[in-house]
Amino acid sequence: GDSVTQMEGPVTLSEEAFLTINCTYTATGYPSLFWYVQYPGEGLQLLLKATKADDKGSNKGFEATYRKETTSFHLEKGSVQVSDSAVYFCALSSYQGAQKLVFGQGTRLTINP
Amino acid sequence: EPEVTQTPSHQVTQMGQEVILRCVPISNHLYFYWYRQILGQKVEFLVSFYNNEISEKSEIFDDQFSVERPDGSNFTLKIRSTKLEDSAMYFCASSEIQNQETQYFGPGTRLLVL
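Report follows, based on the coordinates. (Residues numbered from 1 in each chain as written. Chains lettered and ligands numbered in written order. Predicted model: local features only at pLDDT ≥ 70, side-chain atom pairs only at ≥ 80, totals over all residues. Heavy atoms only, no water.)

### Section: the overall build of chain B
And step 1. Along chain B, the regular secondary structure elements total zero helices and eleven strands.
And step 2. Counting only C-alpha atoms, chain B reaches 40 × 30 × 25 Å along its principal axes.
And step 3. Every one of the 114 residues in chain B was classed for burial, and the buried ones make up 48%.
And step 4. Considering only contacts in chain B between residues 6 or more positions apart, those separated by 24 or more positions represent 54%.
And step 5. Element-wise, carbon and sulfur atoms account for 46% of the exposed surface of chain B, whose accessible area totals about 5,800 Å².
And step 6. Of the charged side chains in chain B, 9 are positive and 15 negative; the average position of the first set lies 6 Å away from that of the second. (Helix = DSSP H or I, 4+ residues; strand = E, 2+ residues; numbered from the N terminus. Buried < 20%, exposed > 50% of the residue type's maximum accessible area, 1.4 Å probe, protein only. Contact = heavy atoms within 4.5 Å. Areas by Shrake-Rupley, 256 points an atom, 1.4 Å probe, with all protein chains shown as cover. Lys, Arg positive; Asp, Glu negative; His and termini not counted. Charge placed at Lys NZ, Arg CZ, Asp CG, Glu CD.)

Here's what the structure looks like:
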């Protein structure tokens, strides 16, 4: 079945560092791809999405490009802030009669001042 | 900005008891979902619901689980006889009919079965 694999965490960086969180997927068909973020004590918030190959999703300084050839959707940010500390989930939409999301295991990111 | 809400935020119950988790989806959304996340594991799909019936359910969603939209605003998940392994964070989500794949999540209910 469809699956998503994220880089193992936790990830700890200093403020203003460059961030990459790797995400690869396995899917039949052409899924849409998503990054969700979960801040401490809160629910899952949609961060960005891309619906077809070579699309770039972006929001709040984060970017991810849908790479069909490498089946990847890596999350990047040029300069992280302490407020970016959260758990980040990569996901794909798997259409099998109804849209359901298949999630990666999540990557906990901590940014130190 | 409209959001999905869930109640309660935390629930502790005894094994074998029934629990009902409640969700209020975004008002113009017509697709509803439940997911769960066991501590330290992935977020897993449980069930999707549209037009007052289940669209899809996972293997996890067995006869102990049921969903209902009892009125125009609430969407509930019932676990009839809880087991220890039902302890998890349960997330409700909803999406628009025109953009089903973009799902908006609530803050979750943390269920602990003792």
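### Digging into the packing of aromatic side chains
And step 1. Throughout the structure, instances matching the rule amount to 17 aromatic pairs over all chains.
And step 2. Residues A:F62 and A:Y88 carry aromatic rings whose centres are separated by 5.6 Å and whose planes lie at 40° to one another, so their mutual orientation is tilted. Of this pair, A:F62 sits in strand β8 (residues 62–65) while A:Y88 is found in strand β10 (residues 86–95), placing the two residues 26 residues apart along the sequence. Taken as a pair, A:F62 and A:Y88 share a single burial class, namely buried.
And step 3. Aromatic ring contacts, followed pair by pair, group A:F34, A:Y36, A:F89, A:F103, B:Y33, B:Y35, B:F45, B:F91 and B:F105 into a single cluster. (Phe/Tyr/Trp six-rings, centres within 6.5 Å; stacked < 30°, edge-to-face > 60°.)

### Notes on the sheet that holds strand β7 (residues 65–68) of chain B
Residues and elements named next belong to chain B.
And step 1. Taken together, four strands build an open sheet; the order of strands is β1-β3-β8-β7 and the sheet is antiparallel. In this open sheet, the two strands that pair with only one neighbour each are β1 (5–7) and β7. With direction set aside, neighbouring strand axes in the sheet form an average angle of 20°. (Pairing = 2+ DSSP bridges. Axes fitted to C-alpha atoms, helices over the stretch in contact; angles between N-to-C directions.)

### Some remarks on the environment of B:I38
Residues and elements named next belong to chain B.
And step 1. Relative to the helices and strands, I38 resides in the loop between β4 (31–37) and β5 (43–50).
And step 2. Accessibility expressed as a relative area gives 19% for I38, which makes it buried.
And step 3. In this structure the C-alpha to C-alpha distance between I38 and I60, which are 22 residues apart in sequence, comes to 12 Å.
And step 4. Contacts of I38, omitting those with residues within four sequence positions, involve E44, E85, S87 and A88.

### Re the sheet that holds strand β7 (residues 56–59) of chain A
By definition, the strands of a sheet pair up through backbone hydrogen bonds, in either a parallel or an antiparallel sense.
Residues and elements named next belong to chain A.
And step 1. Strands sit in the order β3-β9-β8-β7 across an open sheet of four strands; the sheet is antiparallel. The open sheet has two free edges, formed respectively by β3 (19–21) and β7, since each of these has just one partner strand. Each adjacent strand pair in this sheet contributes to an overall mean axis angle of 20°, direction not counted.

Taken by themselves, the reported measurements are silent on function.
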